[in-house]
Amino acid sequence: MPGADVELVLRSTRVVTPEGTRPATVTVSGGTIRAVLPHDAEPPPGARLEDVGDHVVLPGLVDTHVHVNDPGRTAWEGFWTATRAAAAGGITTLLDMPLNSLPPTTTVGHLRTKQAVAGPKAHVDTGFWGGAIPSNTKDLRPLFEAGVFGFKCFLSPSGVEEFPELDQEQLGRALTEIAGFGGLLIVHAEDPHHLAAAPQRGGPAYADFLASRPRDAENAAIEGLIALAERLDARVHVLHLSSSDALPLIAAAKARGVRITVESCPHFLTLTAEEVPDGATEFKCCPPIREAANQDALWQGLADGTIDCVVSDHSPCTTDLKTPDFGTAWGGISSLQLGLPAIWTEARRRGHGLEDVVRWMSSGPAALAGLTRKGAVEAGRDADFAVLAPDETFTVDPAHLFHRNQVTAYAGKTLYGVVKSTWLRGTRIVADGVHGEPTGRLLERNQPTIDVRTP
């Protein structure tokens, strides 16, 4: 094997590759995987050998749904804290959502502002979604050309006034524009009419909050989105699917060739309505965590491929905004650092393997965003790795999380899967919870290796 330029050799008895899990030696040069060789392959002269024994080498996870809130709401989160939490959780690439920052990513100028803030702080590779709001149809193509990975919209109120929802006419106009240049629309799909018709009681009772965000709101919104995508031959993605009732609609649409994909999130797949205590608004998110039977059906949707990927929807806030009233508390769950162990814990209980987890949390999100160098341990990809001890457990202590505000619905839970180290383009960026300096790059659509950080 030609190996004069190989700088790193990573060896494990268990490496998850697209062809399966096997003992392997992975060679790295210039931040790129050069080869995946037999376990006993001789390291090239001068290469540094890192043998992780029986720990599992996964491709670095890709999280395409993260609210970093920076600039403007950095008391809630920020690029420094969010990307450190991501790295600690085995995530090497994240895409930032366009809202909850000030300004929102709805113009090229706003994108450049966000890039300037993120560049010096990013511990992992970071890209950006643009936003589709009623007033910015003219900005969508320029944003696409500036490198955003697609566009997020809401069909019901977003919770922040600077990012209003689209009505049906505005949705059609935005999707027509986006389809015209081959873009992707990602949608918070809850129908506002169904939400308005639901009982809105407020207070500490989780049952009342759950009733205020009925499954029908999701189902109706997704049904309408499918019809519009089919008519326009447009590419759409359903964010944070909570209602399993929508799965047959989505599966049937995919079978007809509708260009629709869908994600779910760790909280929908590992937490249930039955376990949420009254007043425990760290569990509040929209759409909501639903019942155990609904969760079982979501797992079936993952197993059969109707659900394409699992991402965090990390939506943090300051502690004071998590009041005991489900009607007024901020809706969002912080899970960026915990998604991998949370999903692995439940996946192994249900008979799934780490290859499934990689498909849902690395290769699937990478494919959604068109990140062709991410999401797999194979030659030609970025040398991004998460080294996992899958049989070790830990109990979640919020004080040990790297999120800016240590509020989490997973507090006190014992989870399988300890991330021993995380590697970004051949550099170990965190080991046993200790971080290095930020080396993440800012990513642009179709240019995933260009460093656009502001000096």
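Calculation notes
Residues numbered from 1 in each chain as written. Predicted model: local features only at pLDDT ≥ 70, side-chain atom pairs only at ≥ 80, totals over all residues. Heavy atoms only, no water. Phe/Tyr/Trp six-rings, centres within 6.5 Å; stacked < 30°, edge-to-face > 60°. Helix = DSSP H or I, 4+ residues; strand = E, 2+ residues; numbered from the N terminus. Buried < 20%, exposed > 50% of the residue type's maximum accessible area, 1.4 Å probe, protein only. Lys NZ or Arg CZ within 6 Å of the ring centre and 35° of its normal. Core = buried A, V, L, I, M, F, W, Y, C linked by side-chain atoms within 4.5 Å. Salt bridge = Lys/Arg side-chain N within 4 Å of Asp/Glu carboxyl O.

S.K.: Is there a simple way to explain the packing of aromatic side chains in this structure?
M.R.: To describe a pair of aromatic rings, you give the distance between the ring centres and the angle between the ring planes. Within this structure, the stated rule accounts for 10 aromatic pairs. For the pair Phe-151 and Phe-181, a centre-to-centre distance of 6.0 Å together with 65° between the ring planes defines the contact as edge-to-face. With Phe-151 in strand β10 (residues 151-154) and Phe-181 in the loop between α4 (168-180) and β11 (184-188), the pair connects residues that are 30 residues apart, well separated along the chain. Of the two residues examined, Phe-151 and Phe-181, each falls in the buried class. With a centroid separation of 5.6 Å and an interplanar angle of 75°, the aromatic rings of Trp-299 and Trp-360 are classed as edge-to-face. You can see Trp-299 sitting in helix α10 (residues 292-303) and its partner Trp-360 sitting in helix α12 (residues 354-369), a full 61 residues away along the chain. Here Trp-299 and Trp-360 have matching classes, each one buried. The ring of Tyr-416 has Arg-348 lying over it, and the distance from NZ or CZ to the ring centre is 3.8 Å. A cation over a ring is seen here: Arg-445 above Phe-144, with NZ or CZ 3.5 Å from the ring centre.

S.K.: Is there a simple way to think about the nonpolar core in this case?
M.R.: Here is a general trend for soluble globular proteins: nonpolar side chains tend to be buried in one another's company. One finds Leu-58, Phe-151, Leu-185, Leu-241 and Trp-360 to be the most contacted residues of the largest nonpolar core, which totals 97 residues. When residues in this core are grouped by element, the largest group, 6 residues, is from helix α7 (residues 215-232). With 22 residues, the next largest nonpolar core counts Ile-133, Val-160, Leu-184 and Leu-371 among its residues.

S.K.: Whenever I open this one, the pattern of salt bridges confuses me. Can you help?
M.R.: Close approach of charged atoms lets side chains of opposite charge pair. All chains considered together, the criterion is met by 30 salt bridges. A salt bridge links Glu-19 to Arg-22, with the shortest nitrogen-to-oxygen separation between them at 4.0 Å. By relative accessible area, Glu-19 is classed as exposed at 62%. Here Asp-245 and Arg-215 are joined by a salt bridge, their closest N and O atoms 3.1 Å apart. Of this pair, Asp-245 sits in the loop between β12 (235-238) and α8 (247-255) while Arg-215 sits in helix α7, placing them 30 residues apart in sequence. The network of salt bridges with shared partners includes Asp-125, Arg-373, Lys-374, Asp-382, Asp-384 and Arg-425.

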